[in-house]
Amino acid sequence: MASAVIGLGTYLPLRRVTNEELADRFDTSDEWISTRTGIHTRRWADTGQATSDLAVTAGERALKSAGLTPDDIDAVVLATTTPDHPCPATAPAVASRLGLRTIAAYDISAVCSGFLYALAAGHGQIAAKNAQRVLVIGAETYSTILNPADRTTNVIFGDGAGAIVLAEHTRKDQEGSILGVDLGSDGSQQDLIRIPAGGSRQRATPGDATEEDHYFAMQGKAVFRQAVTRMGDSANSLLQRIGWDKDSVNHIVGHQANVRILKALADYLELPHERAVINIDRVGNTSAASIPLALADAAHAGRLKPGDRILMTAFGGGLTWASAAITWPSITPV
Ligand code: UT7
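Think of each chain on its own: its residues are numbered from 1, step by step along the sequence as written. Since the coordinates come from a predicted model, pLDDT governs what is reported: local features require at least 70, and pairs of side-chain atoms require 80 or more to be given and counted, while whole-chain, interface and lining totals use all residues. Only hydrogens and water are set aside; all other atoms, that is, all heavy atoms of the structure, feed into the side-chain values.

**Q** Run through the side chain of glutamate 140, naming residues and quoting values.
**A** The way it works is that DSSP assigns letters per residue, a run of H or I at least four long becomes a helix, a run of E at least two long becomes a strand, and they are numbered from the N terminus. Relative to the elements of secondary structure, glutamate 140 occurs in strand β6 (residues 133–140). Buried charge without a partner: glutamate 140 forms no salt bridge, and the closest opposite charge is arginine 97, 15 Å away. For glutamate 140, the side chain forms a polar contact with the side chain of serine 287, separated by 3.1 Å. Working rule for contacts: check all heavy atoms of both residues, and any pair within 4.5 Å makes them a contact. Those residues in contact with glutamate 140, other than ones at most four positions away along the chain, are Thr51, Leu54, Thr80, Thr81, Thr82, Val111, Asp159, Gly160, Thr286, Ser287, Ala288 and Ala289. A simple rule labels every residue: compare its accessible area, found with a 1.4 Å probe on the protein chains alone, to the largest value its type can have, and call it buried under 20%, exposed over 50%, or partly exposed in between. When charges are tallied, Lys and Arg are placed among the positive residues and Asp and Glu among the negative ones, while His and the ends of the chain are skipped. Within this document, salt bridges are pairs made up of a side-chain nitrogen of Lys or Arg and a carboxyl oxygen of Asp or Glu, the two lying within 4 Å of each other. Residues adjacent in sequence count toward polar contacts only when both atoms are side-chain atoms; beyond that, a polar contact is any pair of N or O atoms within 3.5 Å, and within protein one must be able to donate a hydrogen and the other to accept it.

**Q** Go over the pattern of salt bridges, please, and point to the residues and values.
**A** Where side chains of opposite charge bring their charged atoms close, a pairing between them can arise. Scanning all chains against the criterion turns up 11 salt bridges. Across the salt bridge formed by arginine 15 and glutamate 21, the nearest N and O atoms sit 2.4 Å from each other. Judged by its relative accessible area of 32%, arginine 15 is partly exposed. Salt-bridge contacts for aspartate 297 lead to arginine 282; the nearest nitrogen and oxygen are separated by 2.8 Å.

**Q** Tell me about the domain arrangement of the chain, and name the residues and values.
**A** Split into domains, the chain comes out as domain 1 (2–169) and domain 2 (178–327). Throughout, the edges of the domains are those of an automatic or database domain assignment. Computed over C-alpha atoms only, the centres of domain 1 and domain 2 are separated by 14 Å. Taken together, the 47 residues of domain 1 in the interface contact 43 residues of domain 2. In this description, buried area is defined as the sum, over both parts, of the accessible area (probe of 1.4 Å) that is lost when the two are combined. Between domain 1 and domain 2, roughly 3,500 Å² of surface is buried when both sides are summed, and carbon and sulfur atoms account for 69% of that area. When the buried surface of domain 1 facing domain 2 is broken down by residue, Cys112, Leu116 and Tyr117 rank first, second and third, together holding 18% of it. Summed over the shared surface of domain 1 and domain 2, the result is zero salt bridges. Joining domain 1 to domain 2, the criterion identifies 19 residue pairs in polar contact (both at pLDDT 80 or more). At the level of elements, β1 (2–11), α2 (30–37), β3 (41–44), α5 (114–127), β6, α6 (151–156) and β7 (160–169) are the ones that each hand at least two residues to the side of domain 1 that touches domain 2.

**Q** Just give me the short version of helix α7 (residues 220–242), but keep the residues and values in it.
**A** Its 23 residues give α7 an end-to-end C-alpha distance of 32 Å, which sits within 8% of 33 Å, the value for a rise of 1.5 Å per residue. One axis fitted to the seven residues ending at a residue, another fitted to the seven starting there: the angle between these axes is the bend at that residue. Taken as a whole, α7 carries its principal kink of about 35 degrees at glutamine 226. Listed as buried for α7 are Val223, Gln226, Ala227, Val228, Met231, Gly232, Ser234, Ala235, Leu238 and Leu239. Structurally, α7 contributes buried residues whose contacts are with β8 (178–185), β9 (193–194), β10 (217–218), α8 (259–268), β12 (309–316) and β13 (320–327). Directly beyond the C-terminal end of α7, a positive phi value near 75 degrees is found at glycine 243. Here the expected length of a helix is defined as 1.5 Å per residue gap, with one fewer gap than residues.

**Q** Tell me about the site of the ligand, and please be specific about residues and values.
**A** Whether a residue is near a molecule or strand depends on its heavy atoms: if one lies within 4 Å, it is near. Close to the ligand lie 22 residues; Thr28, Arg36, Lys221, Asn258 and Asn285 are nearest. Histidine 255 places a side-chain nitrogen or oxygen 2.8 Å from an oxygen atom of the ligand. Between an oxygen atom of the ligand and a side-chain N or O atom of asparagine 285, the distance comes to 2.7 Å. Among the elements of the structure, α2, α6, α7 and α8 are those that each provide at least two residues to the shell around the ligand. Each residue belonging to the shell around the ligand can be placed in one class, and the counts come to 10 nonpolar, seven polar and five charged. Ten residues, namely Ala, Val, Leu, Ile, Met, Phe, Trp, Tyr, Cys and Pro, are considered nonpolar, four, namely Asp, Glu, Lys and Arg, are considered charged, and the remaining ones, Gly among them, are considered polar.

Below is the structure:
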């Protein structure tokens, strides 16, 4: 018994932040940002707009795309690095605001790999027969955790949300099927991407942490160095396990961290750059929202045909990495 994608919804905050706007505020330039990252614009949430606000709209749209009502959903799995509060999880609030029943709702914390970890969790809930239909959401408001003194992270990250509906199915060749997932981590490198304060290791209390400790920090170069091999090796091992020939992959939907990483990933997989889905130019790095936003972008552009083989892969803080293989379903993202 396995699951298939039957709906996809997304939401981007209205505020578009251009490279030029950032160049007015930081010692950077449109030229540096475009050539080093491939990003031209990103969206940032309005003041007061929290992660759950984005997640609820993406969730509503995913239900609409799937043609379901709130009563049809049995569980919500929400991947985020930017929960509304350190405690409790954000997923129950999202479930409640979506008008879902008093169903299982929990967060997944795997930073940029979060959406694929959440997908694996939703798939597992269905395989275990705990649920028939699961809403899987990736939602982020990184603009709320960026260090105003750090030009590098400010130019990279954007806000957004994407959600899919997974449903039980019985036929392995059904379009939208999740054919396999591969998950991994290496906690010995946890320091490369983190928010130092606010947890049990370094409390948020005044005097215990500097202001800087509360912001997101990333050692970009060290992360860059292993992003391609971690995603590529995970993807290759998944392809081998499910018996997909590399050449049969129609689209690589990689985590949108940097356009140079996405092209290098295609090279590592020995596939043409044209098979890499790229929307980072318009949304930046949206962490856990990145994969569903890229899927929706490619679908809206008419690139994804029912039955197409899609290889999704992500890498991020933890360190964590994840890959998943699906065939594209006959759905219209909302
Ligand atoms: O999403 C989770 C996973 N995240 C990633 O995979 C991110 C991976 N990392 C990256 O994408 C890249 O490492 C960055 C985009 C973060 C940085 O690009 P880079 O080509 O690795 O630049 P760098 O860190 O080697 O810095 C090159 C130069 C430095 O100046 P010097 O030392 O050569 O004089 C930096 O100080 O660029 C400078 N720099 C900037 N200059 C203008 C760093 N950030 C900026 C900036 N504007 N925003």
